[in-house]
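One-letter residues, chain by chain:
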Number of protein chains: 2
Amino acid sequence: MNRKAELKRQQIIKAAYQAVSDKGYEAVTLQDIADYANVSKGVPNYYFQNKEDVLAHLLAQITERIYEKEKEAVEKETSAESMLQAYINTVFVSAEENEKFYRVYLDFLAQATKNNRYREINERFYQNCASISKQILMQGAKEKTFVVNDFETAGRAIRTMIDGYMIQWMMTGDHSQHRAYKQACYQAITSYLS
Amino acid sequence: MNRKAELKRQQIIKAAYQAVSDKGYEAVTLQDIADYANVSKGVPNYYFQNKEDVLAHLLAQITERIYEKEKEAVEKETSAESMLQAYINTVFVSAEENEKFYRVYLDFLAQATKNNRYREINERFYQNCASISKQILMQGAKEKTFVVNDFETAGRAIRTMIDGYMIQWMMTGDHSQHRAYKQACYQAITSYLS
DNA sequence: TTAGTTTAATTGACCAGTCAGAATAATTTC
DNA sequence: GAAATTATTCTGACTGGTCAATTAAACTAA
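Just so it is clear, the structure is predicted and the values come from calculations on it, not from any experiment. (Residues numbered from 1 in each chain as written. Chains lettered and ligands numbered in written order. Predicted model: local features only at pLDDT ≥ 70, side-chain atom pairs only at ≥ 80, totals over all residues. Heavy atoms only, no water.)

The next subject is the protein's contact with DNA strand C. Within the structure, DNA strand C sits among 14 residues, and Lys8(A), Ser40(A), Tyr47(A), Lys41(B) and Lys51(B) are positioned closest to it. Across the atoms of DNA strand C situated within 4 Å of the protein, the share located in sugar and phosphate is 58%. Ser40(A) places a main-chain nitrogen or oxygen 2.6 Å from a phosphate oxygen of DNA strand C. In the environment of DNA strand C, a phosphate oxygen lies 3.1 Å from a nitrogen or oxygen atom belonging to the backbone of Leu30(B). Among the elements that make up the surface near DNA strand C, the one with the highest residue count is helix H3 (residues 42-47) of chain A (4 residues). Counted by class, the surface near DNA strand C contains 6 nonpolar, 5 polar and 3 charged residues. (Near = heavy atom within 4 Å. Polar contact = N/O pair within 3.5 Å; in protein donor to acceptor, adjacent residues only side chain to side chain. Helix = DSSP H or I, 4+ residues; strand = E, 2+ residues; numbered from the N terminus. Nonpolar A, V, L, I, M, F, W, Y, C, P; charged D, E, K, R; others polar.)

Rendered as structure tokens:
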């Protein structure tokens, strides 16, 4: 019952993810989302308040999932360096997944400047990312692997470089450069932290 | 004659800039652009092929102007450190101008993943930025102020951090943090280069 | 049967681009 | 230098199309 409804909602969110990735945030229609989910046009409106509601759930879900993956990967490691490496590896999973995610995420970031709901969801994501960075940095400080004055500042710097490199990679439109950007990102961060 | 037409085109591009900043890339209509320019609906279509053409000219113009300002500011300086400082100062001009520019620019970046014309214009902008970074880094290497292995890599890293910090600042929605983000950006770059 | 779910049809709104004709500016002619 | 002619620019109604959201009808499974 409620379980089945939850599955349906998942189905719609997943379809919305694919649809936004293919067509872009604004271009996407409820019809598209319904088509990708193999349901009729009315269904998304039945399970969600409106189009924005579907998309807000989508943003919340993809950022939450990314965070959980990152957290899990980092917590498996023990040394600061391997934690950082695991973090970067999880962020730069693969060209295909990264392109899909950042196409959608970038669209939401652009919207977030005018939409408080998206901004809040993203704010939570940033804070989650900051908590991961802090974990890595504290380990690094303990080991004396990294030189850290202020955890807050350094944590922000890490996410800055990740997002910055990812966007630049996106703009090249060249999947084969994925590995190179990942390494450049890792080196920029370690260079910053030493 | 041709001069007058050019003024009119400028008027429309300027109006489009304001309109996109206020309403967002996709939400903006030709009617909005006409309204902001105080002309009737047909005028943008008279001076440009279509809506996308107006917006492509807008992107080309704002990126070109930013580049020219940055270049001019950097070339006034002589030491690597002051060049870098001048660069950052020009990027982080003021909260108001930065918000306006990045609101629009971020919208275009999101579009660029699906629009080759925008991607190419942005690519040119990236290359222009890279040439500025290179100028600073070469001076830094000569002075031995900065440690640089690869100009290409370091140049990209600089722009990465600038864009990353600017986006994070945008997401805070807090104008009063502008100065803090500027300094954080400067410190991250110098820290990376030493 | 009936509550939950899905489909199909409808409504009302919006928009890009077109175009015919109006208005204005430039040029020519006498 | 005024009138006539031509070129340029502007206007806004109109077209064809799209869309979100609503509604009512149909289906389904307990």
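Residues and elements named next belong to chain A. The assigned domain composition of chain A is domain 1 (1-48) and domain 2 (56-192). Centre-to-centre separation of domain 1 and domain 2, based on C-alpha positions: 27 Å. Summing the contributions of domain 1 and of domain 2, the shared interface buries around 1200 Å²; its carbon and sulfur component is 59%. Across the contact surface, domain 1 and domain 2 share 0 salt bridges. Counting the contacts that link domain 1 with domain 2 gives 6 residue pairs in polar contact (both at pLDDT 80 or more). Considered class by class, the residues forming the side of domain 1 that touches domain 2 number 6 nonpolar, 4 polar and 2 charged. (Domains from an automatic or database assignment. Buried area = accessible area lost by both parts, 1.4 Å probe. Salt bridge = Lys/Arg side-chain N within 4 Å of Asp/Glu carboxyl O.)

Taken together, 14 residues lie near DNA strand D, and Lys41(A), Lys51(A), Lys8(B), Ser40(B) and Tyr47(B) sit nearest. Among all atoms of DNA strand D positioned within 4 Å of the protein, those belonging to sugar or phosphate total 71%. Here a base nitrogen of DNA strand D and a side-chain polar atom of Lys41(A) are 2.8 Å apart. The side chain of Tyr47(B) places a nitrogen or oxygen atom 2.5 Å from a phosphate oxygen of DNA strand D.

A few words on the interface of chain B and chain A. At the interface, 34 residues of chain B touch 35 residues of chain A. The junction of chain B with chain A conceals about 3100 Å² of combined surface from both sides, 61% of it contributed by carbon and sulfur atoms. Where chain B meets chain A, there are 2 salt bridges. A salt bridge links Asp107(B) to Lys114(A); the shortest N-O distance between them is 3.1 Å. If you list the elements that add at least two residues to the side of chain B that touches chain A, you get helix H1 (2-23), helix H6 (95-112), helix H7 (116-143), helix H8 (151-172) and helix H9 (178-192) of chain B. It is H8(B) that provides the largest number of residues to the side of chain B that touches chain A, a total of 13 residues. By residue class, the composition of the side of chain B that touches chain A is 15 nonpolar, 11 polar and 8 charged. (Contact = heavy atoms within 4.5 Å.)

Moving on: the packing of aromatic side chains. Across all of its chains, the model carries 16 aromatic pairs over all chains by this definition. When the ring of Phe101(A) is compared with that of Tyr105(A), the centres are 5.3 Å apart and the planes differ by 15°; the resulting orientation is stacked. Taken together, the positions of Phe101(A) and Tyr105(A), both in helix H6 (residues 95-112) and 4 residues apart, correspond to about one turn of that helix. You'll find Phe101(A) and Tyr105(A) in the same group, each marked buried. Arranged with centres 5.2 Å apart and planes meeting at 85°, the rings of Phe101(B) and Tyr102(B) form a pair that is edge-to-face. Across this residue pair, the class does not change: Phe101(B) and Tyr102(B) are buried. (Phe/Tyr/Trp six-rings, centres within 6.5 Å; stacked < 30°, edge-to-face > 60°. Buried < 20%, exposed > 50% of the residue type's maximum accessible area, 1.4 Å probe, protein only.)

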